[in-house]
Amino acid sequence: PRAAAAAAGPKAKKPEKPKKGAAQDARAQAVVDASNEAKNAAAKAKATKAATDKDRADRKSRQLADAKERKAAGAAAAKQLETQRKTLEAEKSAVLAAARDLETAREALAAEKKSLSRDRAKASAERQELAEWKLQRQKDKSREARARADFAALQRLELGRGPP
């Protein structure tokens, strides 16, 4: 009974009983008991309200803490995404610059190829011209040798040195 009374809340002091009769004593005891029950119920309601208020405050505190954590996580994620975006922008710029460099190199290579083709054609023409010149020189030397031989034979005839 004491444990139940302690759990129910503080006990109220019993008022002094008038020593009149048993019925009056019973009424007085009933009033005291009702008063005690009302006080105990009020104390219990107060304790329950305090516990409920504490639970509500704890829940609200946890919700605020969770909201702050979510906000911080969202800010960190946004910062990370911004960093990734900047990194991708830099990589994109690098790739575009490399593509421009490759295009420039391709154009330079095409110009070099065209130049080499012209140089080959020119060298081929020069070789052809040189071959024709050598052939002409050989013909000229051959003619010159025949002309000298003819001239020498003519001189011998004129001088009477031998057969024609």
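Further up the page is the structure itself.
> Just to check I follow, could you spell out the overall build of the chain for this structure?
Broken down by element type, the chain carries 2 helices and 0 strands. The buried share of the chain, taken over its 164 residues, is 4%. In the form shown here, the chain has an accessible surface area of approximately 14600 Å², with 58% of it arising from carbon and sulfur atoms.

> How should the pattern of salt bridges be read in this particular structure?
For side chains bearing opposite charge, pairing can occur when the charged atoms are close. Per the stated rule, a full pass over the model turns up 7 salt bridges. As a salt-bridge pair, R85 and E82 come within 2.5 Å of each other at their nearest N and O atoms. Of this pair, R85 and E82 both sit in helix α2 (residues 22-159), 3 residues apart, which is roughly one turn of the helix. A salt bridge links E144 to R148; the shortest N-O distance between them is 2.5 Å. Here E144 pairs with R148, and both are found in helix α2, just 4 residues apart, close to one helical turn. Judged by its relative accessible area of 40%, E144 is partly exposed. When salt bridges with common partners are traced through the structure, they connect K49, D53 and R56 into a single cluster.

> What exactly am I supposed to notice about α2 here?
Note that an α-helix has 3.6 residues per turn; residues three or four places apart therefore point the same way. The end-to-end C-alpha separation of α2 is 198 Å, in line with the 206 Å expected for 138 residues at 1.5 Å each. All of the buried residues in α2 are V32, N36 and A153.

Quick notes on the rules
Residues numbered from 1 in each chain as written. Predicted model: local features only at pLDDT ≥ 70, side-chain atom pairs only at ≥ 80, totals over all residues. Heavy atoms only, no water. Helix = DSSP H or I, 4+ residues; strand = E, 2+ residues; numbered from the N terminus. Buried < 20%, exposed > 50% of the residue type's maximum accessible area, 1.4 Å probe, protein only. Areas by Shrake-Rupley, 256 points an atom, 1.4 Å probe, with all protein chains shown as cover. Salt bridge = Lys/Arg side-chain N within 4 Å of Asp/Glu carboxyl O. Expected span 1.5 Å × (residues − 1).

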